[in-house]
Amino acid sequence: MAKNSRNSETDDGTSSVESLAQVAQGTSALLQGAQAFHQVQLQMLQRMALVHQQAAEKLRAATSPSEMVALQGQLMVQGWQQAMQYGQELMTASMKVQGEMLGKAGQQQPSAANNGPVTFQAWQNVILDALNGAGKH
């Protein structure tokens, strides 16, 4: 009887270790995703700083009101273009992170199928419930 309880304790310990490893792996993937988003944001800010610096130089050299209006219009168009590019880059980074997270979850699932792994959907539901105020009494 003692032998069976030891095996049960070992199985529970292995299950806990595997669950913790999965959580750590998921956290790593999320942090790498945050880093990718930060990189996209940094690149966008660098591009916009350059665009505005160039616009300032052109505005200083403007000789007529119509030239100033045209330069401001160009700056506005460039701002919209940069915003669209930023959105596309964020979506690309998001899809890459999602693919990596799903790929890692798919690799881990067969070995941990009996241990009840924590899924991304379960984590998402917990976070959404917390944000929506579910469970408040």
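Residues numbered from 1 in each chain as written. Predicted model: local features only at pLDDT ≥ 70, side-chain atom pairs only at ≥ 80, totals over all residues. Heavy atoms only, no water.

**Q** Can you help me understand the overall build of the chain in this one?
**A** The helix and strand inventory of the chain stands at 3 helices and 0 strands. If you list the helices and strands of the chain from N to C, you get α-α-α. Residue burial in the chain is summarised as follows: out of 137 residues, 12% are buried. Here the analysis covers contacts within the chain between residues at least 6 apart in sequence; of these, 78% occur between residues at least 24 apart. For the chain, the exposed surface amounts to about 10,400 Å²; the carbon and sulfur share of it is 60%. (Helix = DSSP H or I, 4+ residues; strand = E, 2+ residues; numbered from the N terminus. Buried < 20%, exposed > 50% of the residue type's maximum accessible area, 1.4 Å probe, protein only. Contact = heavy atoms within 4.5 Å. Areas by Shrake-Rupley, 256 points an atom, 1.4 Å probe, with all protein chains shown as cover.)

**Q** Mind showing me how you'd approach the pattern of salt bridges here?
**A** This model, assessed by the stated rule, comprises 1 salt bridge. With a shortest N-O distance of 3.3 Å, Glu89 and Arg47 are connected by a salt bridge. Placement of Glu89 in helix H2 (residues 65-112) and of Arg47 in helix H1 (residues 2-61) is noted, with a sequence separation of 42 residues between them. (Salt bridge = Lys/Arg side-chain N within 4 Å of Asp/Glu carboxyl O.)

**Q** Looking at this structure, I do not really get the confidence of the model for the chain. What am I missing?
**A** Predicted coordinates in areas of low pLDDT are best not read in detail. With 66% of its residues at a pLDDT of at least 70, the chain reaches an overall mean of 78. Taken as a whole, residues 110-116 scores under 50 in pLDDT and shows 7 contacts with residues more than four places along the chain or in a different chain. (pLDDT = per-residue confidence, 0-100.)

**Q** I'm lost on the side chain of Gln82 in this one. Help?
**A** Counting through the fold element by element, Gln82 comes out in helix H2. In this structure, Gln82 is in contact with Arg47 and Met48, ignoring residues within four places of it in sequence.

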